[in-house]
Amino acid sequence: MKRNTFDLNAKFSYKKINSELKNFLNIYKKRPIKNNDGGCRINHAFAIYYILKKLKPKLVIESGVYKGQTTWLIEKTLPKTKLICIDINLSQRKYVSKKAKYSNIDFKFHDFSKIPLNTLVFFDDHVNHLDRIKETNFFKIKNIIFEDNYNNKDGDFQTIKQLYENHKFIHNESFFSYIKTFFLFLKMIFKKIISNKYNAFKDLDIIKNRIRDFYFYKNYKNNIKNNINFYFEFPPLVKIKMKTKKPLLKKINLRSSELFQELKFYNYITFIKLK
Ligand SMILES: C[S@@+](CC[C@H](N)C(=O)[O-])C[C@H]1O[C@@H](n2cnc3c(N)ncnc32)[C@H](O)[C@@H]1O
């Protein structure tokens, strides 16, 4: 286990990371979606590219496809790797991969009983990170990339970074969103009353994801730490107006102004190796 962490620390040195930047930029300039608002931008894309290059998983499971930019990036980074792409709303795709297997069923409901040992799962779906760690553990998957690993000042769900800060996420939604949730709840109760064959599990899951408050007791984070072998928050390329780790570079030469604009987006994207 110790040797494993030692190897990973070496793989994630700033020097090694920076040596891959040029290759990455050559790929990224060909991205199919130039405006990926609401999805990954250059900082996150470089992190995904680098982590995949170093780990070379035989299978990548992507949860949170949106327009398909990261699907494209995974494919370009590891052309031989198998790909399963999950999104509860696949209609938003602008890039559709020919080789990926798509699914609109949540990650936790899949049959992953026969997947390669070094499978990696990339979560960009805004679902509670603690739930995702438990599910990943259940499937015996060891490698995770978490997008949007925000601190207690940001984000719209419970992240692992917030847990480390002892922050219990409280989800504040709009009035109309609460009204919609209320009617979904009423509908579910009504179905329960009129049919004893109705199974409410899926509807409860939808409601749980609409109000994403989370609670834990003192020292709960020890349980999570106990499951994690390696935790690496990928730094931003250059300094930005957020509290982050030391950036990878002092300055960067990017020929395109679009790319320059992307530099300010950063969300503490994190690679985790489970024990
Ligand atoms: C931030 S976007 C993903 C961006 C994408 N990875 C990219 O940068 O190209 C989040 C996506 O998660 C999807 N989503 C929400 N809940 C989900 C769930 N339970 N499982 C999978 N996808 C989900 C949303 O429909 C949305 O398309």
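Here is a short report on the structure shown in this document.

Some details on the packing of aromatic side chains
Counted by the stated rule, this structure contains 29 aromatic pairs. Ring geometry for Phe24 and Tyr49: centres 5.5 Å apart, planes at 50 degrees, overall tilted. Linking Phe24 in helix α3 (residues 21–28) with Tyr49 in helix α4 (residues 42–55), this pair joins segments that are 25 residues apart in sequence. Comparing Phe24 with Tyr49, the two get one shared label, buried. A network of ring pairs unites the aromatic residues Phe12, Phe24, Tyr28, Phe46, Tyr49, Tyr50, Phe230, Phe232, Phe234 and Phe271 as a single cluster. The ring of Tyr102 has Arg93 lying over it, and the distance from NZ or CZ to the ring centre is 4.3 Å.

Observations concerning the packing of α3 against α4
Relative orientation of the contacting elements α3 and α4 amounts to 115 degrees, with a least axis distance of 10 Å. Note on packing geometry: the crossing formed by α3 with α4 is right-handed. Packed against α3, whose contacting residues are Leu21, Asn23, Phe24, Leu25, Ile27 and Tyr28, the element α4 presents Ile42, Ala45, Phe46 and Tyr49 at the interface. Residue composition of the contact of α3 with α4, by class: 9 nonpolar, 1 polar and no charged.

Focus: the pairing of strand β4 (residues 120–123)
Neither face of β4 is exposed, since Leu120 and Phe122 on one face and Val121 and Phe123 on the opposite face are all buried. Taken together, the 4 bridges between strand β1 (residues 59–63) and β4 define a ladder with parallel strand orientation. Looking at the pairing, Val60 lines up with Leu120 of β4. Examined bridge by bridge, β4 and strand β5 (residues 143–146) share 4 bridges and lie parallel to one another. Across the sheet, the residue bridging to Phe122 is Ile145, located in β5.

Criteria and cut-off values
- Residues numbered from 1 in each chain as written.
- Predicted model: local features only at pLDDT ≥ 70, side-chain atom pairs only at ≥ 80, totals over all residues.
- Heavy atoms only, no water.
- Phe/Tyr/Trp six-rings, centres within 6.5 Å; stacked < 30°, edge-to-face > 60°.
- Helix = DSSP H or I, 4+ residues; strand = E, 2+ residues; numbered from the N terminus.
- Buried < 20%, exposed > 50% of the residue type's maximum accessible area, 1.4 Å probe, protein only.
- Lys NZ or Arg CZ within 6 Å of the ring centre and 35° of its normal.
- Axes fitted to C-alpha atoms, helices over the stretch in contact; angles between N-to-C directions.
- Left-handed = near helix turned anticlockwise from the far one by under 90°.
- Contact = heavy atoms within 4.5 Å.
- Nonpolar A, V, L, I, M, F, W, Y, C, P; charged D, E, K, R; others polar.
- Pairing = 2+ DSSP bridges.

None of the figures reported here should be taken as evidence of function without further support.
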